[in-house]
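Structural features, examined
The residues making up each chain are set out below.
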Amino acid sequence: MPNASSWSASSPLLLLWEDSPGTRILLSLLYAALAISGTLSNVMVIYLVFSFKKLQTTSNAFIVNGCAADLSVCALWMPQEAVLGLLPPNSSSLRSAEYRLLRGGLLGLGLTVSLASHLLVAFNRYVLITKLPSVYQALYQRRRTAAMIGLSWLLALLLLPLLPGLWAPARQPPAGDAGPRYTALLLALAVLGHTALLLHCYLGIVRRVRGSAKRVSVLNFHLLHQLPFPAAPPPPRRAQRRLSSVSVLLLCCVFLLGTQPLAWLSLLAFFLPPAPPALHAASWLLLCALSALNPLLYTWRSEEFRRAARSVLP
């Protein structure tokens, strides 16, 4: 039977049993805080979109899809991490292969659909801002929007068997066993490619906002819906264009901070010795924290969301 150290390195548990009890308790409290805040924020966004007709737009449909995926991480996976971090390493429940598979599946499924939803939102906004209204209307019909959301979950289910390769670089694989390293390499390249597409969409929006006057209000571009468009409003002022660009760039920076450390550690682990387990766990924690921040990233600039929240909250 493997010892606790070797077992924990190969499991999806991000807490390190080699750490002191104080460190594991601190991490458990951090997971608990992220679980509570992430669950409340994701549930609130889903509730507001389903309760207010003005919020039922194509872009918000993709945001709700991401919130549903983030709930798999915040409401189902993180509470287990918070509790398991307080248990002794030799607990029989921790060594159950079926239970580890369930936890890994919840984490992998939620993160994959969440990342896919980021890209769907970015592409939706890119088409809305940079293409003709007729193109947007033809592409984002109700059935096609539903198909895009369904494909994000189907893709996650197909990739689910490969996802454990993401945390395999935390340990040195046995001699002759290069499978986890190649899996981690492929998944790291997939995350980097996903990031490149997302940045292309948002930077294209910024260039369009700064370089030409749009016939729509770019300041609130994530609220636009009800195509075909009504009469064009006046072009946004310079201060509005600057504020919109800052909002987009801030979203990109937070996304990069959450995703790139793990992607680059997984990529470098293919060519170099594995990174320290603490560094690898920290990169995982940043990625998981993104699930709690996503609702705020997409709604904090929306006056419609703020107005709807004020009407619900005391």
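Note that the coordinates shown come from a computational prediction; the quantities given were computed from them, not determined experimentally.

**Overview of the environment of A116**
- Tracing the sequence through the fold places A116 in helix α4 (residues 97–130).
- Discounting chain neighbours no more than four positions away, the residues touching A116 are S152 and H194.

**Notes on the confidence of the model for the protein**
- Residue-level pLDDT values for the protein average 77, and 73% of them are 70 or greater.
- Here helix α1 (residues 4–9) stands out as the least confident element of the protein, with mean pLDDT 37; helix α6 (residues 142–159) is the most confident, with 92.
- This stretch, residues 165–177, has a pLDDT under 50; its non-local contacts, to residues over four places away or in other chains, come to 31 contacts.

**Some words on the nonpolar core**
- If you look at the biggest cluster of nonpolar residues, it comprises 36 residues, and the most contacted ones within it are Y202 and Y298.
- For this core, the elements supplying multiple residues, two or more each, are α2 (21–51), α3 (58–84), α4, α7 (179–211), α8 (238–268), α9 (277–299) and α10 (303–312).
- If you tally residues by element for this core, the top one is α4, at eight residues.
- Counting residues in each nonpolar core, the second largest holds 18 residues, with A35, W77, W284 and L285 among its members.

**Topic: the packing of α2 against α3**
- The contact between α2 and α3 brings their axes to 8 Å, and the two run at 150 degrees. For the element pair α2 / α3, the angle class is roughly antiparallel. For the element pair α2 and α3, the recorded crossing hand is left-handed.
- Of the residues belonging to the contact of α2 with α3, the class tally is 20 nonpolar, five polar and two charged.

**A word on the environment of L262**
- Counting through the fold element by element, L262 comes out in helix α8.
- For the pair formed by L262 and L279, sequence separation is 17 residues and the distance between their alpha carbons is 9.1 Å.

**So, a nonpolar patch on the surface**
- Taken together, the side chains of W264, L268, F271 and L272 make up a nonpolar region of the molecular surface, amounting to roughly 440 Å² of accessible area.
- By the element assignment, F271 lies in the loop between α8 and α9.
- With relative accessibility at 59%, the residue F271 sits in the exposed group.

**Considering the packing of aromatic side chains**
- Under the definition given, this model contains four aromatic pairs.
- Consider the rings of Y136 and Y140, whose centres lie 4.9 Å apart with planes at 35 degrees: the pair is tilted.
- Its relative accessible area of 7% is what places Y140 among the buried residues.
- Between F270 and F271 the ring centres are 5.0 Å apart and the planes differ by 85 degrees, which places this aromatic pair in the edge-to-face class.
- Accessibility expressed as a relative area gives 15% for F270, which makes it buried.
- Each residue in the set F62, Y136 and Y140 is aromatic and connected to the rest through ring pairs, giving one cluster.

**Regarding α9**
- Given a rise of 1.5 Å per residue, 23 residues ought to cover 33 Å, and the 35 Å separating the end C-alpha atoms of α9 matches this to within 8%.
- Where α9 bends most, the angle comes to about 50 degrees, and this point is L293, followed within four residues by the proline P295.

What counts and what doesn't
Residues numbered from 1 in each chain as written. Predicted model: local features only at pLDDT ≥ 70, side-chain atom pairs only at ≥ 80, totals over all residues. Heavy atoms only, no water. Helix = DSSP H or I, 4+ residues; strand = E, 2+ residues; numbered from the N terminus. Contact = heavy atoms within 4.5 Å. pLDDT = per-residue confidence, 0-100. Core = buried A, V, L, I, M, F, W, Y, C linked by side-chain atoms within 4.5 Å. Buried < 20%, exposed > 50% of the residue type's maximum accessible area, 1.4 Å probe, protein only. Axes fitted to C-alpha atoms, helices over the stretch in contact; angles between N-to-C directions. Parallel < 35°, antiparallel > 145°, perpendicular 65-115°, else oblique. Left-handed = near helix turned anticlockwise from the far one by under 90°. Nonpolar A, V, L, I, M, F, W, Y, C, P; charged D, E, K, R; others polar. Patch = residues over 30% accessible without salt bridge, like charges linked within 9 Å, V, L, I, M, F, W, Y side chains within 5 Å. Areas by Shrake-Rupley, 256 points an atom, 1.4 Å probe, with all protein chains shown as cover. Salt bridge = Lys/Arg side-chain N within 4 Å of Asp/Glu carboxyl O. Phe/Tyr/Trp six-rings, centres within 6.5 Å; stacked < 30°, edge-to-face > 60°. Expected span 1.5 Å × (residues − 1). Bend = angle between axes of the 7 residues up to and from the residue.

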